[in-house]
Every structure is written in C-alpha cells, then in structure tokens.
Amino acid sequence: MAKNSLQKTSWQSVRKLFNDIHLWLGLASGLVVIVVCFSGTVYVFNTELTEWAAPQLYKVNPIAGKERIPADSLIQKIEEASGGKITSVSIPADLKRTYQFNVKKKGDESRGGIGYFVNPYTGEITGTSKDKSRTKEFMGIMFSLHRWLLLDKIEKPIFNSMTNLELGRMINGWATILFTLGCITGMIIWFPQKIKAWKQGLKIKWNAGWKRINHDLHNSLAFYALFFLLLMGLTGPQWSFDWYRTGMQKTLGTYKPKDAPKEKPIQSTLSSAVNSTGLSIADYIKVASQTLPYQGNYSISFPADSASAAVIAKTKTGFFAPAAGDRLTIDQYTGNVLKKDIFKERSFNERIAGSIKAIHVGNVYGTFTKLIYFLTCLIATTLPVTGTLIWLNKMKKKRKPKLKEAIA
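Worth saying up front: this structure is predicted, and the values here are computed from it rather than measured.

Colleague: Could you clarify how one ought to interpret the environment of phenylalanine 45 in this entry?
Modeller: In this structure, phenylalanine 45 sits in the loop between helix H1 (2-43) and helix H2 (46-53). The exposure class of phenylalanine 45 is buried, given its relative accessible area of 18%. Taking C-alpha positions, phenylalanine 45 is 9.6 Å from asparagine 363, a pair spaced 318 residues apart along the chain. Those residues in contact with phenylalanine 45 that lie beyond four places of it in its chain are Lys370, Leu371 and Phe374.

Colleague: How should I be thinking about helix H5 (residues 134-148) in this particular structure?
Modeller: Count 3.6 residues to each turn of an α-helix, and residues three or four apart come out pointing the same way. For H5, which comprises 15 residues, the first-to-last C-alpha distance of 21 Å matches the rise-based estimate of 21 Å (1.5 Å per residue) to within 8%. Taken together, the buried positions of H5 are Met139, Met142, Ser144, Leu145, His146 and Trp148.

Colleague: I would appreciate a short explanation of H2 in the present structure.
Modeller: Here H2 has its buried residues at Asn46, Thr50 and Glu51. In an axial view of H2, the angular spread of the buried residues amounts to 120 degrees, which keeps them on one side of the axis.

Colleague: Sorry if this is basic, but what is going on with the pattern of salt bridges here?
Modeller: A pair can form between side chains of opposite charge whenever their charged atoms are brought close. Scanning the model with the defined rule gives six salt bridges in all. With a closest N to O distance of 2.3 Å, aspartate 242 and arginine 245 form a salt bridge. Within this pair, aspartate 242 and its partner arginine 245 are both found in helix H8 (residues 242-252), separated by three residues, close to a single helical turn. Overall, arginine 245 belongs to the partly exposed group, its relative accessible area being 28%. Taking the shortest distance from any N to any O, the salt bridge between aspartate 341 and arginine 346 comes out at 2.8 Å. A relative accessible area of 24% means that arginine 346 is categorised as partly exposed.

Colleague: Would you take a moment to explain the pairing of strand E7 (residues 326-330) for this structure?
Modeller: Across a regular strand the side chains alternate sides, sitting on one face of the sheet and then on the other. Summarising burial for E7: four of the five residues are buried, a large majority. Bridging between strand E6 (residues 310-316) and E7 involves five bridges; their strand directions are antiparallel. Its bridge partner lying in E7, lysine 314 is registered against aspartate 326. Examined bridge by bridge, E7 and strand E8 (residues 337-341) share four bridges and lie antiparallel to one another. If you follow threonine 329 over to E8, its bridge partner there is lysine 339. From the end of E7 to the start of E8, which pair antiparallel, there are six residues, and glycine 335 there has a positive phi angle of about 80 degrees.

Conventions and cut-offs
Residues numbered from 1 in each chain as written. Predicted model: local features only at pLDDT ≥ 70, side-chain atom pairs only at ≥ 80, totals over all residues. Heavy atoms only, no water. Helix = DSSP H or I, 4+ residues; strand = E, 2+ residues; numbered from the N terminus. Buried < 20%, exposed > 50% of the residue type's maximum accessible area, 1.4 Å probe, protein only. Contact = heavy atoms within 4.5 Å. Expected span 1.5 Å × (residues − 1). Arc of directions from axis to C-beta. Salt bridge = Lys/Arg side-chain N within 4 Å of Asp/Glu carboxyl O. Pairing = 2+ DSSP bridges.

Have a look at this one:
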C-alpha cells in the first residue's frame, strides 16, 4: 500500500508541475492564439472563397462542340493588351476553368507580375489578378491578422528598434511556440493515472453540468486535434524567426549556408539543326504528358532568354490531390528533358522540407486535409477560452474554503 501511495503521490506531483506549466503557457499566449487560430480557420479556404466571389476570373462555360483555343495563339493578344511580356502560363485540366497568363511589365518589381485570366473558348480576357473584390480584401485582412496581428497596417512604428511588421511577426512566433509547448504539456496531463480510465478523456459527458462539459470539450477536442495542432505549431514559427527556420532545415538535413555556391542554371542547346524559334506551349505539354503520364494542371515557366531552359510543373487534381507537384526542366529548342524532379522520388526529409507550407496551411492532400485543418483551427480557437474557464472554476473552488474559514 505504501508503495502504491508513494507512486500516486509522485505522479500527482509531476502532473501538478506540468499542469501549472500548461496553465501559464495558455494564459501567456491565449489572446494571440485566439486571433491567430480564428484567422487561420477562415483563411484555410482562401482560394475557394476568393474564386467563389469572382467566378468570372476562374470559371467558364464550355461551348458545345468547340475545343479550347491553343494557348499559343493568345500570347500576342495578351502581350498587346497588357503592354508586358508573358513569363508563364497555367493550363488547367478542368475544361471549365480559365487559362492564366502571368505578365511582367518593364520596371515592374512585383514578384509574380500580373495574372491575366482568359476564356479558353472565346479568347476573352475576363480579368486580372489585380482586380479587387470585397472577399479578396477581407482575405487580405485575415492573412495580415494571422501573420502580423494587423500591426503591418499601422504606419507609425511602435518601437524604433523594429518595424511594426517585425513586431507582429515576433509576437506571433513566440505565441505559437508557447502554444505548441502547451499542447505537449496538455498531452502529458491528459494521460490518466489509471490506464483503465483513458476512455474518459475521449468523450464528452453531454448530460453533465456546464463545468464538466467545458472540461470535457477542452480535454477531448484537444486530444483529437493534437497531431494537427502540433504540425501547425511546429511549422509556423519558421516565418517569424530565421534561427527557427535554420534549425528546421538543419534538423531535416536540407540546410544550405547563404554563401554556399549556387547550382549553375541548366541551359538549352541551340544549334543549326534545331528550330531557333523554340517550342510552343503545345509542344511543352506534349513532352510533359509523356514523361508524367497522369491527368493534372500544367504551369509552364518560359525561358528567360535564348540560353535558358523552360520549367514545367504538373500537379494532380481531385479531392485527395497532393499539393506537391513534379517539375521538369526542358530544352526550349529540342524538347529534351534536361532534369526531372519527381516529388515521390525525393528522400523523406526532402519531401518534408518541400511541403512545410502545405503542412502548415493544410492542403497537403487537397480538400480532404483542408477540411481537417478547418476543424482543427476551429478547435484551437476555443482551447484558450475553455482552458481559462477551467482555471477560473478551480480558483473559485479554492476561494470557497478560505471564505468559510474567514466566516467561522
């Protein structure tokens, strides 16, 4: 009996320690976590909501008996209308979606240029990526809230030592680290003293009082969402801290110092025996479809100059479609595949490193994982609330005996 009693006391002491750590981690990060997780919940379906709000940019009605216009025949029209040069084009597998041409204008320093959406049956330009909509603006606010707590919207610096964007990034990063540690300590205190009682932590007693229901909601929902909460929490801080990102890369074995020699760009070979005008978009797709024989969306990045090679990315489509795609580097004159980057052929650590963003935002396997992440973020938003209520209820219980003693 004494031995069992000692074991019980030891476990209770350890559990109380982790419970206290869990409490203070939650209180320290709670408000920020609510904001970050709520905005993340909304932003999970950013693409779907943006397209729903502006269907004319992304969706078309196929014309009966008419095939899609070859993308090559639209290049001159788009470059004349835009006054720029096309750098890439996206050809969807879905016949009900538009082509998208990315255009770079002279002197334009924007990273991706401007996207021009084109009806593949009529050749009509239906809009550009610069077109504004209330939904797009709202999603921009949600993104700012999620990444920088809207501090980037404040023009006057709060601290002279850093920009407001850097401040928001730092607060977000530390709150996420504290939340992740809170998830780990929460898992430790979730484990029951008696293994036989583990089922109690997996269900919610709906016929109990609100305090018990709140307790069960916090414990059970957190348990079911824990794996995905850790994925989001462990990947998030890499956008806040360079040291964290470097640490992740070193852990995965993919770190490269900034001064490491860069790989020489792969170049095309021009000779008198080949067509000096280069391949057409149709030619690139033909080569890619032979090397990557599955249905998917194509994104073709055109050669930057006469010596460069073209790069084609192909991604699968469907409810369970993985976000990661395959890439081919192709000679712009001969169509020879100069380099293949097949995602499933990469080593495990490289696949993880190449999927960090997809793992964080939840589109690892298309709509399927987005739904899971939506529910997970929703649960994460409630955890600081239910956790605080548990703490307040415990504080009330501690005060009652003291109050009775004072009255007596």
